[in-house]
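Chain by chain, the residues:
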Amino acid sequence: MPGTAPDRTPETNDSPPAARAGDKPGRAGKAAAKGAAAGKPSSAMARLHKLGLKRDVDLVLHLPMRYEDETTLLPIADAIGRAGMGLTVQVEGVVTSNEVSLRPRRQMVVKIADDTGELTLRFINFYGSQAQLMAEGACLRVRGELRGGFFGAEMVHPTVRAVTPGEALPERLTPVYPSTAGIPQSYLRKAIGGALSRTPLPETLPVPVLQGPLAQLKLQALPECLRLLHTPPQDVDEHALIERSHPAWQRIKLDELLAQQLSLKRSQAARRDKSAPPMPRRAGGLLTAFLAALPFKLTGAQQRVVEEIARDMGAPHPMHRLLQGDVGSGKTIVAALAACQAIDAGYQAALMAPTEILAEQHYRKLSAWLEPLGVPVVWLAGSLKTRAKREAAAKVESGEAKLAIGTHALIQDSVKFARLGLSVVDEQHRFGVAQRLALRGKADPDATAAQGKAGKAAQTVPHQLMMSATPIPRTLAMTYYADLDVSVIDELPPGRTPVVTRLVNDARRDEVIARVHHAAADGRQVYWVCPLIEESEALQLQTAVETYETLVAALPELKVGLVHGRLPPAEKAAVMEDFTANRLQVLVATTVIEVGVDVPNASLMVIEHAERFGLAQLHQLRGRVGRGSAESVCLLMYQAPLSPTGRERLATMRETTDGFEIARRDLQIRGPGEFLGARQSGEAMLRFADLNTDAWLVDYAQEAAELMLARFPEAVEAHLLRWLGGREHYLKA
Ligand code: ADP
Ligand code: MG
């Protein structure tokens, strides 16, 4: 807790939260409800609930984020001797003076002294109660960092506690818990201490698991581990505790990863219990005709994933497959083939993309491929006029449309499919969990609605194919995506030349413009990506317009276009069409072109202020070039000086074009939370295990999970109840 004010103890701290045994949904913090109307939680309890602390076992598993060492006191003179070293120290002394001064601004200056010296405490914001606590003559125990101030060493806003002289020091490190404003640490400590003393925590891991797959870990019993982490003994290896490498932490992390594995595997099994329309591949149908009409041959990797998908779709259980392939690896065609298989079997297919530009491009491409073969394709996007939208929706509902392509508009309630058999989500990481679930629910609205009442009754859902160019490092795939089957396209279509990436200081803009000129003179096309301005869309737009005007002026003999997010969809589409048809040589764009856009003749990309973009975004952007046979170049313009992470990101981009390597470094720089985005991981985010350091534990968790699911269903229940409580559904999207 930041040392701003002494812990204020709530009035209700005299009795610990009500006793409730075991892992049952309990009433942790009931004591806090004393005085509140029956059935209405007190604010302290409500806040505990907000932290997710509803049951005793939740409290017990709420572990310290760090510790404070209050077990020793330094004489004031010694403490002053170490001022300015960035150390947190604890001293004790009697208040010799307490003054409130008004200049330069209102503050309270308190002096305390012991036998060895005197120390100044300074408080800029303070309550009346604090002034009282620190009245002259009071004995204070003070913790904080000593700085060399203008008038000698002082502590600014230390943590202060009034004590009786000679009061015993705690023998254990003091835990500091994750909290929200309004729940004092002292309250959390009491509530957790109470829960710890009355929660039995029987072992959830069966002996054959502990002695089998987990034997090497030599796990300690959970209750001991929890006790150690909440109230560490004085001789504990403090470093291991803070670094979370202590054996007690290992047990916690393993348990947590195990719960995640169990949950994911169970939802995978549950899906196998559901039914989906089997649509085995049929010779001589649309699929065959389409393959015959393709102007190129599928790569080996494409053929392999097409087989994997075809097999899944032939089964009477819903496919739940992630198709991964670096930008430009040719995922669209794979999706189209899957759609053909569904249509051949008499079903409809839907393809959803995160942006209109991308969805529209898919629509153009797929309708050009499929309509000549007699397949009606409809386009559904938010920007359509109401009437057009209604017409499209009607075709989907009547079954006349065999393939529907669009944005989120596809999953609106007004859109009902007659016979949806396959849903494809492109660039799936850009969608939220809820949106993906909604598309899955489109199959048969009645079945979905009846799901609640009918209980386990077989539910029909469409096959689902998710596509992503953001490669997921193995550890993440094993944890967050453990319930997905994954297909990987690990080969680019032939004839591509790798993109050469160069870093260019912003000061050399004229040279960059000259290069653009050359490229265009050679008949090639150029993307010019405008800087990302996160704080303001308006400013970003303004910059884009200015860049556009500058380039129009600098390159009078070239046709320059501008595309940005605020452009009406029809105009956006027109500009893209002009660029695709080579009527524009230079396309100035904001990040709206980030995903999916495919213009093979474009071979030069300029990204301004590249240091402002994330790695994944830069990789996606760069993937827009290098799609044809001409050698492609990506110029990353930056403004000096670069921050250390900015420098690291740009160096990564220069060094590699391998999406997996980039993702791995991105994960290292950002950590899994940001990597996945909060909305994807939901509340299922791992709290204790850290995939950078604990990935090796995932293998153990996986093996243990398999054995438990096969042989110890009751232990599975108990473990999941303890670790996830009612939160399991977050994992299932
Ligand atoms: P992404 O995986 O990034 O979505 P696309 O599906 O947009 O990639 O494909 C990129 C380009 O490669 C497209 O122009 C597509 O037509 C072309 N392509 C796909 N597969 C092949 C192949 N086997 N041989 C040649 N070109 C291909
Ligand atoms: Mg794509």
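Residues numbered from 1 in each chain as written. Chains lettered and ligands numbered in written order. Predicted model: local features only at pLDDT ≥ 70, side-chain atom pairs only at ≥ 80, totals over all residues. Heavy atoms only, no water.

Draft legend 1. Spotlight on the overall build of the chain. The helix and strand tally for the chain stands at 26 helices and 21 strands. For the chain, buried positions account for 53% of its 733 residues. Relative to all contacts within the chain whose residues are 6 or more apart in sequence, the contacts with residues 24 or more apart total 75%. Surface summary for the chain: the accessible area is close to 32,600 Å², and the carbon and sulfur share equals 53%. (Helix = DSSP H or I, 4+ residues; strand = E, 2+ residues; numbered from the N terminus. Buried < 20%, exposed > 50% of the residue type's maximum accessible area, 1.4 Å probe, protein only. Contact = heavy atoms within 4.5 Å. Areas by Shrake-Rupley, 256 points an atom, 1.4 Å probe, with all protein chains shown as cover.)

Draft legend 2. Seen up close, the site of ligand 1. In the vicinity of ligand 1 there are 17 residues, among which Gly328, Lys331, Thr332, Arg496 and Asp598 approach most closely. Between a nitrogen atom of ligand 1 and a side-chain N or O atom of Gln302, the distance comes to 2.8 Å. Interatomic distance of 3.0 Å between a backbone N/O atom of Gly330 and an oxygen atom of ligand 1. Considered class by class, the residues forming the shell around ligand 1 number four nonpolar, six polar and seven charged. (Near = heavy atom within 4 Å. Polar contact = N/O pair within 3.5 Å; in protein donor to acceptor, adjacent residues only side chain to side chain. Nonpolar A, V, L, I, M, F, W, Y, C, P; charged D, E, K, R; others polar.)

Draft legend 3. Structural detail: the sheet that holds strand β13 (residues 420-425). Pairing within the open sheet is parallel, and its seven strands lie in the order β11-β12-β10-β13-β14-β9-β15. Edge positions in the sheet fall to β11 (377-380) and β15 (485-489), since each has one partner strand and no second. Across the sheet, the axes of successive neighbouring strands diverge by a mean angle of 20 degrees, strand direction being ignored. Where strand β10 (residues 348-352) lies against strand β12 (residues 403-406), four bridges are found, and the strand directions are parallel. Of the residues in β12, the one forming a bridge with Ala350 is Ala404. The sheet contacts of helix α14 (residues 386-398) involve β10, β11 and β12, and relative to β11 the element is tilted by about 135 degrees. (Pairing = 2+ DSSP bridges. Axes fitted to C-alpha atoms, helices over the stretch in contact; angles between N-to-C directions.)

Draft legend 4. Fine view of unusual backbone geometry. A cis amide bond, omega -5 degrees, links Ala640 with the succeeding residue Pro641. Here Pro641 is to be found in the loop between β21 (633-638) and α22 (644-655). Of note in this structure, Lys218 is not a glycine but carries a positive phi near 50 degrees. Mapped onto the elements of the fold, Lys218 is located in the loop between α6 (207-210) and α7 (222-230). In this model, Asn582 sits at a positive phi of 65 degrees, which is unusual for a non-glycine residue. The residue Asn582 is located in the loop between α20 (569-580) and β19 (586-589) in this model.

Draft legend 5. Up close: the side chain of Asp326. Note that Asp326 resides in the loop between β9 (320-325) and α12 (331-344). An unpaired buried charge is present at Asp326: no salt bridge exists, and Lys331, the closest side chain of opposite charge, is 6.9 Å distant. Excluding residues within four positions of it along the chain, Asp326 makes contact with Lys331, Ala469, Ile489, His619, Thr657, Asp658 and Gly659. (Lys, Arg positive; Asp, Glu negative; His and termini not counted. Salt bridge = Lys/Arg side-chain N within 4 Å of Asp/Glu carboxyl O.)

Draft legend 6. Broad picture of the nonpolar core. Core analysis: the biggest nonpolar cluster contains 56 residues, and Leu214, Leu226, Leu229, Leu241, Ile252, Leu254 and Met708 have the highest contact counts within it. For this core, the secondary-structure elements that each account for two or more residues are α1 (43-50), α2 (56-60), α5 (185-198), α7, α9 (247-273), α25 (695-711) and α26 (713-724). Sorting elements by how many residues they give to this core places α9 first, with eight residues. Beyond its immediate stretch of four places on either side in the chain, Ile252 contacts Leu63, Leu222, Leu226, Leu229, Phe688 and Trp723. Membership of the second largest hydrophobic core comes to 37 residues, among which are Leu323, Ala336, Tyr347 and Leu370. (Core = buried A, V, L, I, M, F, W, Y, C linked by side-chain atoms within 4.5 Å.)

Draft legend 7. How the structure looks around the environment of Leu254. Tracing the sequence through the fold places Leu254 in helix α9. By relative accessible area, which is 0% here, Leu254 ends up buried. Along the sequence, Leu254 and Ala704 sit 450 residues apart, while their C-alpha atoms lie 9.8 Å from each other. If we ignore the near neighbours within four places in the chain, the residues touching Leu254 are Leu205, Leu214, Leu217, Leu219, Leu697, Tyr700 and Ala701.

Draft legend 8. Molecular detail of the pairing of β13. Within β13, six of the six residues are buried, leaving the element largely enclosed by the surrounding structure. When β13 meets strand β14 (residues 463-468), the two strands line up parallel, connected through four bridges. Paired with Leu422 across the strands is His463, a residue of β14.

Draft legend 9. Region of the structure containing the sheet that holds strand β17 (residues 525-529). A sheet is described by the order of its strands in space; here six strands give the open sequence β16-β21-β20-β17-β19-β18, paired in parallel fashion. On the outer flanks of this sheet lie β16 (500-505) and β18 (560-563), each paired with one strand and no other. Across this sheet, the average inter-strand angle for adjacent strands is 20 degrees, counted without regard to direction. As defined by bridge partners, β16 adjoins β21 across six bridges and the pair is classed as parallel. Pairing of Arg502 across the sheet is with Leu635, part of β21. In the packing of helix α19 (residues 537-554) onto the sheet, contacts are made with β17, β18 and β19, and the angle to β18 comes to roughly 175 degrees. Here α22 sits on the sheet and contacts β16 and β21; the angle it forms with β16, its principal contact strand, is near 145 degrees.

Draft legend 10. How the structure looks around α12. Under the 1.5 Å per step criterion, the end-to-end length of α12 is 20 Å for 14 residues, consistent within 8% with the ideal 20 Å. Along α12, 14 of the 14 residues are buried, which leaves the element largely enclosed by surrounding structure. Immediately downstream of α12, the backbone of Gly346 shows phi near 90 degrees, a positive value. (Expected span 1.5 Å × (residues − 1).)

Draft legend 11. Main features of α5. Under the 1.5 Å per step criterion, the end-to-end length of α5 is 20 Å for 14 residues, consistent within 8% with the ideal 20 Å. Taking burial as the measure, the 14 residues of α5 include 10 buried ones, the bulk of the element. Within α5, burial applies to Gln185, Ser186, Tyr187, Leu188, Ala191, Ile192, Gly194, Ala195, Leu196 and Arg198. Of the surrounding secondary structure, the elements contacted by the buried residues of α5 are α1, α2, β8 (174-176) and α7.

Draft legend 12. Inspection of the pairing of β21 at higher detail. Where burial is concerned, most of β21 is hidden: six out of the six residues are buried. Neither face of β21 is open: one carries Val633, Leu635 and Met637, the other Cys634, Leu636 and Tyr638, and all of them are buried. Taken together, the four bridges between strand β20 (residues 602-607) and β21 define a ladder with parallel strand orientation. Its bridge partner lying in β21, Met605 is registered against Cys634. In terms of handedness, the path from β20 via helix α21 (residues 615-622) over to β21 forms a crossover that is right-handed. (Right-handed = clockwise from strand over helix to strand, strands pointing away.)

Draft legend 13. Geometry of the packing of α12 against helix α13 (residues 356-370). Relative orientation of the contacting elements α12 and α13 amounts to 50 degrees, with a least axis distance of 11 Å. It follows from the interaxial angle that α12 and α13 lie oblique. Remark: the crossing between α12 and α13 carries right-handed chirality. Between α12 and α13, the residues in contact are Thr332, Ile333, Ala336 and Cys340 and His362, Leu366, Trp369 and Leu370, respectively. (Parallel < 35°, antiparallel > 145°, perpendicular 65-115°, else oblique. Left-handed = near helix turned anticlockwise from the far one by under 90°.)

Draft legend 14. Representation of the pattern of salt bridges in the model. Inspection of the entire model under this criterion finds 28 salt bridges. Two residues, Glu92 and Arg141, come together in a salt bridge whose shortest N-O distance is 2.8 Å. Placement of Glu92 in strand β2 (residues 88-101) and of Arg141 in strand β5 (residues 139-149) is noted, with a sequence separation of 49 residues between them. Of the two residues, Glu92 and Arg141, both sit in the buried class. A salt bridge links Arg387 to Glu391; the shortest N-O distance between them is 3.5 Å. Residue Arg387 and its partner Glu391 are both found in helix α14; the two are separated by four residues, about one turn of the helix. By relative accessible area, Arg387 is classed as exposed at 61%. It is possible to trace a salt-bridge network through shared partners that takes in Arg66, Glu68 and Arg143.

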